[in-house]
Amino acid sequence: MIASEVRALDFNGYLNLIARFTDEELIPREQEMVTRGEVPPDVVGRMAELGLFGITLPREHGGLGWNVEQQVRLTLEFTRASCVYRSRFSTTIGLASQIILDHGTTEQRDRYLAAMAAGECVTAFALTEPDAGSDAAAVGTRAIRDGEHYVLDGEKRYITNAAWADLLMVFARTDPDSPGGAGLSAFLVDPSAPGVDIRVPPRMNGHETGPVAEITLAEVRVPVANLIGGKPGNGLRLALRGINHARTHVAATAVGQATRLLNDAAVHASRRHQFGRPLADIGTVEAMLGTSYAELQAGRALVLDTARAFDTGPIPRHQIAAAKYFCTEMAGRIADRAVQVLGGEGIVGDHAIPRMWRDVRALRIYEGASQVHEHNLGRYVAESVS
Ligand SMILES: Cc1cc2nc3c(=O)[nH]c(=O)nc-3n(C[C@H](O)[C@H](O)[C@H](O)COP(=O)(O)OP(=O)(O)OC[C@H]3O[C@@H](n4cnc5c(N)ncnc54)[C@H](O)[C@@H]3O)c2cc1C
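What counts, and at which threshold
Residues numbered from 1 in each chain as written. Predicted model: local features only at pLDDT ≥ 70, side-chain atom pairs only at ≥ 80, totals over all residues. Heavy atoms only, no water. UniProt positions renumbered as here; feature names shortened; annotations may be inferred. Helix = DSSP H or I, 4+ residues; strand = E, 2+ residues; numbered from the N terminus. Near = heavy atom within 4 Å. Polar contact = N/O pair within 3.5 Å; in protein donor to acceptor, adjacent residues only side chain to side chain. Areas by Shrake-Rupley, 256 points an atom, 1.4 Å probe, with all protein chains shown as cover. Patch = residues over 30% accessible without salt bridge, like charges linked within 9 Å, V, L, I, M, F, W, Y side chains within 5 Å. Salt bridge = Lys/Arg side-chain N within 4 Å of Asp/Glu carboxyl O. Core = buried A, V, L, I, M, F, W, Y, C linked by side-chain atoms within 4.5 Å. Buried < 20%, exposed > 50% of the residue type's maximum accessible area, 1.4 Å probe, protein only. Domains from an automatic or database assignment. Contact = heavy atoms within 4.5 Å. Axes fitted to C-alpha atoms, helices over the stretch in contact; angles between N-to-C directions. Parallel < 35°, antiparallel > 145°, perpendicular 65-115°, else oblique. Left-handed = near helix turned anticlockwise from the far one by under 90°. Nonpolar A, V, L, I, M, F, W, Y, C, P; charged D, E, K, R; others polar. Buried area = accessible area lost by both parts, 1.4 Å probe.

(A) A look at the UniProt feature "domain: Acyl-CoA dehydrogenase/oxidase N-terminal" (unreviewed entry) in the protein. Within the UniProt annotation, "domain: Acyl-CoA dehydrogenase/oxidase N-terminal" (unreviewed entry) is assigned to residues 18-120. As annotated, residues 18-120 has a helix share of 67% and a strand share of 0%, and its two end C-alpha atoms lie 20 Å apart.

Written out as structure tokens, the structure is:
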């Protein structure tokens, strides 16, 4: 439940609150999170109380009603802490809630959105399958109508938050004769329904304290009322609505992570002495810090500009793809330089930088791998001049 004093804040007051929460609670508790192997439950409770599950939903649906630029500015703050904290609410706020908000029936909006905003309905977004990764239109999970139910069969993998979700948003093929995205539909599935099996893989490379999960759906009966929007088809269009929002947030996450990585690298370079002087006084180290700063400023400007375009016009999908691509690649370069500045400490021990280096690696793969964005953006540029 979002605390009433939080609801009363204006945006600047709220931004300050989240910046303080990041510095005083999220960052200091990262090591505890690593030791426990999960985000401490009381931190999840604090995130809900402070409204982080509700930043993307309008006030009439229980959220805080911030626009996309404000969401991005908030993300730049809370992702200076481990991005695993953000993952805990990301699938609810950026993917699932936006699809229900724009495409759900009135009953679906009334039933789920306020609970999502309060952090009481953690929702996982289940699109990816073993044979449908970058090619999301290849989803093979089937949904066959049987009276007042659909019967779902299939396999999903790499699904963030599925292991503790209150609700699954599952993409399945309702029209077997339509092989592409148009034959897909989206369903709201109870994770405790008979036939749903959710498993966490034994190892993760990054995001260890917030693992993804595999889902098997075996003859899962889902009421027709849980078909998003009330009619089958256009599932990929629905998915893209959530994905465009999530990509904007992932770009901001990359900038937040890079901000922290550069800061921590600079702290180390100033304190550690070799050859009788701080590392920060060595020209090549200065160059790593300076180049990183310039790239970080470019990423920050791009994601804020993208967010403003999102707020003022039709969803700027090419600019979103460019921001997601540039910012996540930029964070990868800054993370790599930060490890280099640390020397052996970047490989041995439990400094935050190598943990974040592993975490940011995934940002270049999910919400569209970098090469998919390069390909699509290249085609867009070529077509816009021909
Ligand atoms: C930590 C994490 C969390 C995730 N969370 C979710 C989630 O919550 N829900 C969900 O549904 N999915 C989720 N995913 C899945 C993610 O969206 C997919 O991993 C991603 O779409 C890539 O699919 P794939 O892994 O099958 O790789 P593949 O599609 O096999 O691609 C492998 C590589 O091939 C190249 N490639 C593929 N296609 C093209 C192309 N057209 N042009 C150029 N290069 C190409 C790219 O280099 C790509 O990295 C998550 C993944 C990770 C790692």
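(B) Spatial organisation of the site of the ligand. Residues in contact with the ligand amount to 14 residues; listed here are only the nearest, Phe125, Thr128, Ser134, Tyr158 and Gln371. A distance of 3.0 Å is found between an oxygen atom of the ligand and a backbone nitrogen or oxygen belonging to Leu127. Within the complex, the protein chains bury 66% of what would otherwise be the 970 Å² of accessible surface of the ligand. Counting residues per element, the ones that place at least two in the shell around the ligand are β3 (149-160) and α12 (370-385).

(C) Fine view of a nonpolar patch on the surface. A cluster of nonpolar side chains, namely Ile347, Val348 and Trp357, defines an oily patch on the protein surface of about 320 Å² accessible area. You can see Trp357 is positioned in helix α11 (residues 352-361).

(D) Broad picture of the nonpolar core. Leu261 and Val285 are the most contacted members of the largest nonpolar core, which totals 39 residues. Those elements that provide at least two residues to this core are α5 (68-78), α8 (235-271), α9 (283-312), α10 (317-342) and α11. Counting only domains with at least three residues in this core, you end up with domain 1 (4-121) and domain 3 (237-385). When residues no more than four places from it in sequence are discounted, the contact partners of Leu261 are Ile334, Ala335, Ala338, Ile353, Met356 and Val360. In terms of nonpolar packing, the next biggest core, distinct from the first, is built from 30 residues, Ala48, Ile55, Phe78 and Val122 among them.

(E) Expanded view of the packing of α8 against α9. Between α8 and α9, the least distance of the axes is 10 Å, while the angle of their chain directions is 155 degrees. Considering their axes alone, α8 and α9 lie roughly antiparallel with respect to each other. Relative to α9, the crossing made by α8 is left-handed. Residues that form the contact of α8 with α9 fall into these classes: 14 nonpolar, six polar and two charged.

(F) Seen up close, the domain arrangement of the protein. Splitting the protein by domain gives domain 1 (4-121), domain 2 (124-233) and domain 3 (237-385). A separation of 22 Å is found between the C-alpha centroids of domain 1 and domain 3. Taken together, the contacts link 27 residues of domain 1 with 32 residues of domain 3. Summed over both partners, the interface of domain 1 with domain 3 buries about 2,500 Å², with 61% contributed by carbon and sulfur atoms. Here domain 1 is connected to domain 3 by four salt bridges. Linking Arg355 and Glu30 is a salt bridge whose minimum nitrogen-to-oxygen distance equals 2.9 Å. One can count 13 residue pairs in polar contact (both at pLDDT 80 or more) joining domain 1 with domain 3.

(G) Local environment of the pattern of salt bridges. Evaluated as defined, the whole model comprises 22 salt bridges. The closest approach of N and O atoms between Asp264 and Arg260, which form a salt bridge, is 2.9 Å. You can see Asp264 and its partner Arg260 sitting in helix α8, four residues apart, about one turn around the helix. Arg260 matches Asp264 in its accessibility class, with the two residues each being buried.

(H) Here's a closer look at the environment of Leu377. Among the structural elements, Leu377 can be located in helix α12. When its relative accessible area of 16% is taken as the criterion, Leu377 is described as buried. When the C-alpha atoms of Leu377 and Ala321 are compared, they prove to be 7.6 Å apart, with 56 residues separating the residues in sequence. Aside from chain neighbours lying at most four places away, what touches Leu377 is His318, Ala321 and Ala322.

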